[in-house]
Amino acid sequence: RMLSRAGEFFRFRVALTLPASAATALEVRLMSGQKLPKFVKADVVAVGGRDQKRTVELSGVPTKADMGEYNVGVYEKGTVGECVGRVVLEVVERS
């Protein structure tokens, strides 16, 4: 679970259950199957030294209208579309 405040920039990484060497294309969407909200940007990155691992970096600036909970999944593209990572993004009001 990641927490973000409305009006503030966030950036965090979601670990995946597949190695960096896997040539699988990935898709990031809500667990419901809908597209990500417009305020969320997703990038696939490789981190680490010799044993690099792929992660998905999520970033953005939500507004008050975006407050709520978003169940985000990272899926392999293809016929099966297996979920290889997920996170709950909660947007709360800035105090």
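Residues numbered from 1 in each chain as written. Predicted model: local features only at pLDDT ≥ 70, side-chain atom pairs only at ≥ 80, totals over all residues. Heavy atoms only, no water.

## Some points on the packing of aromatic side chains
Aromatic ring pairs are described here by two measures, namely the spacing of the ring centres and the angle between the planes.
Point 1. All chains considered together, the criterion is met by three aromatic pairs.
Point 2. With a centroid separation of 6.3 Å and an interplanar angle of 80 degrees, the aromatic rings of Phe10 and Phe39 are classed as edge-to-face. Taken as a pair, Phe10 in strand E2 (residues 10–19) and Phe39 in the loop between strand E3 (26–30) and strand E4 (40–47) lie far apart in primary sequence, 29 residues in all.
Point 3. Using a relative accessible area of 6% as the deciding quantity, one classes Phe10 as buried.
Point 4. For the ring pair Phe39 and Tyr70, a centre distance of 5.6 Å and an interplane angle of 70 degrees mean the geometry is edge-to-face. Linking Phe39 in the loop between E3 and E4 with Tyr70 in strand E6 (residues 68–76), this pair joins segments that are 31 residues apart in sequence. Accessibility assignment for this pair places Phe39 and Tyr70 in one class, buried.
Point 5. Here the guanidinium or amino end of Arg29 rests over the ring plane of Tyr75, the centre of that ring lying 3.7 Å away. (Phe/Tyr/Trp six-rings, centres within 6.5 Å; stacked < 30°, edge-to-face > 60°. Helix = DSSP H or I, 4+ residues; strand = E, 2+ residues; numbered from the N terminus. Buried < 20%, exposed > 50% of the residue type's maximum accessible area, 1.4 Å probe, protein only. Lys NZ or Arg CZ within 6 Å of the ring centre and 35° of its normal.)

## Thoughts on the environment of Thr17
Point 1. Here Thr17 lies in strand E2.
Point 2. You can call Thr17 exposed: its relative accessible area is 64%.
Point 3. Each C-alpha atom of the pair Thr17 and Gly85 lies 6.5 Å from the other, and the pair is 68 residues apart in sequence.

## Description of the sheet that holds strand E7 (residues 83–92)
Sheets are built from strands that pair by backbone hydrogen bonding, the pairs being arranged parallel or antiparallel.
Point 1. Across the sheet, which stays open at both edges, the four strands sit in the order E1-E7-E6-E3 with mixed pairing between neighbours. Each end of this open sheet is capped by a strand with a single partner; those strands are strand E1 (2–5) and E3. Neighbour to neighbour, the strand axes of the sheet diverge by 25 degrees on average, direction disregarded.
Point 2. In this structure, E6 lies alongside E7, joined through eight bridges in antiparallel fashion. Paired with Val72 across the two strands is Val87, which belongs to E7. (Pairing = 2+ DSSP bridges. Axes fitted to C-alpha atoms, helices over the stretch in contact; angles between N-to-C directions.)

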